[in-house]
Structure formats: C-alpha cells, structure tokens
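Summary of the model geometry
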Amino acid sequence: MTDMDNEAENKPQEPLINKKISRRLLLGGAATTAIVAMQSSLGKWIQVAAQQPLLKVDDPTKRIGPGPTAVGKRSVFEHPVRIKSDTSSRTPLQDLYSSLTPSDLHYERHHAGVPVIDPDKYELMIHGMVGKPMVFKLADLKRFPSVTRTCFLECSGNFRSGKETMTPQEICGLTSQSEWTGVMLSTLFREVGVQPKATWFLAEGSDAAVMTRSVPVKKGFDDAMIVYAQNGEAIRPEQGYPARLLLPGWEGNTCVKWIRRIELADEPFMTREETSKYTYPVKDKIRQFSFEMDARSIITYPAYPNQMERGWVEIRGIAWTGRGKIVRVEVSTDAGKTWSVARLQEPVLDKAHTYFRHLWQWNGDETEIMSRAIDETNYTQPTLSQLVDARGADIGGYHMNPITAWQIKRDGKVLFKPESWK
C-alpha cells in the first residue's frame, strides 16, 4: 500500500507524535507493532504501521546476502498468483502497478492443455490461394525484419458476477498486456503472394484441440503478427511457444496459439469455434465474427478486499479498447450521479491497457465508485442495463463489458456490487 492509501486524519494523535522510538525498534528488532507518524508528499500526516514480520528477518547490514543467481525471482514477501480453473487462469489485476503484466502472470485460456513443441522442429505452413505455398521454420521467421509492440489480449468471455466478495481478478482477470515481438503477417503474405481474391484465412493451432479460426485477410495485412517473444524473452508455453498469431484488439480466441498452418480462401471456414462457440444472441439474431473488443475499464484500487480509511485516496485502474486508443476515463464517486475525468498514464498506446488515476477524498459516507472508458471512436462503456436493452435478456456470456461498481461501506469495507440481468 502507498502512503496515500493509509491516509488517516489531518493530524496524528498526540501520543503517536510524542512517542519515542528506540534504536532497536528502528533496526527491526521490535517484537510488537509500532505506529510511526510521518508526513506524506502531499503534506498530510499519516500513520504507518510497522508490523512484526512473519519470518525472522535479521539486520541486513550485519550479514552478507546471497550473490548473483542464474534466474531472478520475486521477494519472499511478494506472492502474486493467478486463479486457475481447468481451462483458464486469471491475472491478479489488483496486484499490478502498471499496465504491463509479468509474463508468468499473463492470463491463460486453452482448449486442450499446453502442447510441448520442440522449436527446432516447429513449422508454419502458409498455403491455399497464394502464388507460392511455403513452410517457415522458427529460424526463418526470426530472419525477417522484426517488430515489437505493446497491446492487450482479452478472452471474449471475460466477465463474472454473482457475489460481493469478488476481486478484479475474479471479475475480469482474463485480460493481460505484454510487449510482443515477431514478424508482421503482411510480410509473410507478400512472401507467399496472397491472391487478390483471397478474403479470409484459416489460422490453425498445434494443440490437441486443433484450434481454428477464420480471420479476414484485411486484418492480416493491417496489424496482425506472428510473435515468438514476449516481454523480452521467448514467448511462454501457455502463450503459444514457440509462435502464435497476434491480432491486436481482437478477441483472444482468434489469436491462435502454437500456430502451425494458415490457409488462404475466398470465404470463412465456419469452424466450430465460430459457429457453436464464440457467437451470442442479439435480440432475435445471432452475432457472429464479433472480433473487436469493446472499450472497458475497471478500478483495481480500492477494490475488494481492501479496507478504506477516511481521507485522501488515489483511485487507480486500467482501461482498454480494441478499436484504437482510450481518449478519456471518467470516475464517479457518488454511484454514477456525477463523473470526473481521471488522469491517464502516458503514453496512451493503440489497443493497449491504459493506466488511470483519480484523487478522491473519502469523508466516511457510504457510496459507490466506478469508472467508464471512452475510446477514439467515441464509444462509451455501457452499464449492464444498457447492454441488456441493446441485446436482450438472453445476453449470453461473450463481449460483456459493463461498468463495474465497488461499494464503500461506512466501516471502510470495499465490496463488489453484483448485478443480475435475468
């Protein structure tokens, strides 16, 4: 927690200011909790609790620490973890300090487990309506001019509700952001000579589900990539090692992992994943090929299970859109009656998580806080009731991006506000 998160009254209690702190306490030898009064950068007095550690920690100035290691690791005091199920694992959004996700905390979603693929035997075949069918090995892909970009990935089924004791990770932890490196798919398309009448391509994975999706060729020539690196290292196995398709801004299932084949054609292939799956009702129709992810945001602090204290608090969160850049995030601290513009962390990138902040003084009254994102197409993140009005009560579970509210109780408890639509 930051100093601001623990902000209390304007002035500390007199006994705290006058209390003398022993040298032993300052050096970490105290056996009980100490309260230290100090002044924050905003000029507010705050109370910092120095808790007795769970592990015995010696004075670090009295003992030489461990030396360099082959592979770095987190502090023994830091334990961010993904929440996993049989088919997915969720990023701990509330534990992150920026828009980037550490590779080992990037969300997972797969349909038949993670395949083990020898990079020396890896091949990507591109064929169909092309002038020159070709097979590319991993080394071949790495010989082409490389491109690096930062963008988010999100599962199209990234929304959960139902109870007050839910964290951001549980609500929408199937989104993460990395810096990806690879070769532009347009480069490979020019290499094989895509025929002018080819309008779709099939992307096929090497997993046991043989995951396949139809993708418009236009996207392939736009910003699609075949990526083999993530956050400066080889892409992780659960993210598609040794190579995956990346379609910035589009639903995660189209970004086929462990990609082994691309077939060009003049019509979509109508695979299982775009007929019986990843489609959803809109009133009396069925929406298919819903590629782009809509603008969305969520406050990650304060959120369940944080405990609030009266005073200044910096509301923080992330916003993103599959249609370009986030241009504005608005925050409400009075249950949606009024909205204030939050500050965006620069640089604001295209099709990327954008970190936002808003300074707020909580007076102790019960309220609700929430955020809404607006992207450069002027799309505004909707409420759940607006989504239901647009799509109907049988809304399904895909592309759910409603405004998410947190309840602030008088005792400082922060709880999720679940909503029902049936």
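Structure report, in brief.

1. A word on empty space enclosed by the protein
By rolling a water-sized probe across the atoms, one finds the places where empty space is left. Taken as a whole, this structure holds four cavities of 30 Å³ or more when the rule is applied. Of the pockets and cavities examined, the largest cavity occupies roughly 220 Å³. The wall of the largest cavity is formed by 20 residues, among which Arg109, Arg244, Gly252, Asn253 and Lys257 lie closest to the centre.

2. Considerations on the pattern of salt bridges
One pass over the structure, following the stated rule, counts 28 salt bridges. The closest approach of N and O atoms between Arg213 and Glu274, which form a salt bridge, is 2.9 Å. Here Arg213, found in strand 11 (residues 212-216), pairs with Glu274, found in the loop between strand 15 (259-265) and strand 16 (280-282); they are 61 residues apart in sequence, far enough to count as distant. For Glu274, a relative accessible area of 1% puts it in the buried group. Arg272 is the salt-bridge partner of Glu273, the closest N and O atoms lying 2.5 Å from each other. Given a relative accessible area of 6%, Glu273 falls into the buried group. Judged by relative accessible area, Arg272 falls into the partly exposed class, the value being 45%. One network of salt bridges, with partners in common, ties together Arg149, Lys219, Asp223, Asp350 and Lys351.

3. Side note on the sheet that holds strand 20 (residues 326-332)
The sheet built from five strands is open, its strands ordered 21-20-24-25-26 with antiparallel pairing. Looking at the sheet topology across the chains shown, the edges are occupied by strand 21 (340-341) and strand 26 (414-416).

4. Concerning helix 5 (residues 185-192)
Taken across its eight residues, helix 5 has six buried, putting it largely inside the fold. Considered for burial, the residues of helix 5 that qualify are Leu185, Ser186, Thr187, Leu188, Phe189 and Val192. Gly193 sits one or two positions beyond helix 5 and adopts a positive phi of about 75°.

5. What about the environment of Glu251?
For Glu251, the position within the fold is in the loop between strand 14 (244-246) and strand 15. Of the residues examined, Glu251 reaches a relative accessible area of 0% and is grouped as buried. Distance in space between the C-alpha atoms of Glu251 and Cys155 is 5.8 Å, their sequence separation being 96 residues. Apart from the residues lying within four places of it in its own chain, the contact partners of Glu251 are Glu154, Ser156, Arg213, Tyr278, Ser290, Phe291, Met293 and His399. A distance of 2.7 Å separates the side chain of Glu251 from the side chain of His399, its partner in a polar contact.

6. A few points about the layout of surface pockets
Each pocket or cavity is described by its volume, and for the second largest pocket that value is around 210 Å³. Across the lining of the second largest pocket, the residue classes break down as six nonpolar, two polar and four charged.

7. Focus: a nonpolar patch on the surface
A cluster of nonpolar residues, Val57, Val76 and Phe77, forms a patch on the protein surface that exposes about 290 Å² of accessible area. Tracing the sequence through the fold places Val76 in the loop between strand 2 (45-50) and strand 3 (83-84).

8. Focus on the packing of aromatic side chains
If you walk through the whole model with that rule in mind, you get 10 aromatic pairs. Note on Phe136 and Phe144: the rings are 6.0 Å apart at their centroids and 65° apart in plane angle, and the pair reads as edge-to-face. Since its relative accessible area comes to 2%, Phe136 is described here as buried. For the ring pair Trp406 and Phe416, a centre distance of 5.8 Å and an interplane angle of 65° mean the geometry is edge-to-face. With a gap of 10 residues between them, Trp406 in strand 25 (residues 405-408) and Phe416 in strand 26 connect regions that are remote in the sequence. The class for Trp406 is buried, based on a relative accessible area of 0%. Judged by its relative accessible area of 2%, Phe416 is buried. Each residue in the set Trp200, Trp250, Phe289 and Phe291 is aromatic and connected to the rest through ring pairs, giving one cluster.

The rules behind these values
Residues numbered from 1 in each chain as written. Predicted model: local features only at pLDDT ≥ 70, side-chain atom pairs only at ≥ 80, totals over all residues. Heavy atoms only, no water. 1 Å grid on protein atoms, 1.4 Å probe; cavity = no way out; pocket = protein on both sides within 12 Å on 5 of 7 lines; lining within 4 Å. Points joined across faces, edges and corners; volume = space filled by probe spheres on them. Salt bridge = Lys/Arg side-chain N within 4 Å of Asp/Glu carboxyl O. Helix = DSSP H or I, 4+ residues; strand = E, 2+ residues; numbered from the N terminus. Buried < 20%, exposed > 50% of the residue type's maximum accessible area, 1.4 Å probe, protein only. Pairing = 2+ DSSP bridges. Contact = heavy atoms within 4.5 Å. Polar contact = N/O pair within 3.5 Å; in protein donor to acceptor, adjacent residues only side chain to side chain. Nonpolar A, V, L, I, M, F, W, Y, C, P; charged D, E, K, R; others polar. Patch = residues over 30% accessible without salt bridge, like charges linked within 9 Å, V, L, I, M, F, W, Y side chains within 5 Å. Areas by Shrake-Rupley, 256 points an atom, 1.4 Å probe, with all protein chains shown as cover. Phe/Tyr/Trp six-rings, centres within 6.5 Å; stacked < 30°, edge-to-face > 60°.

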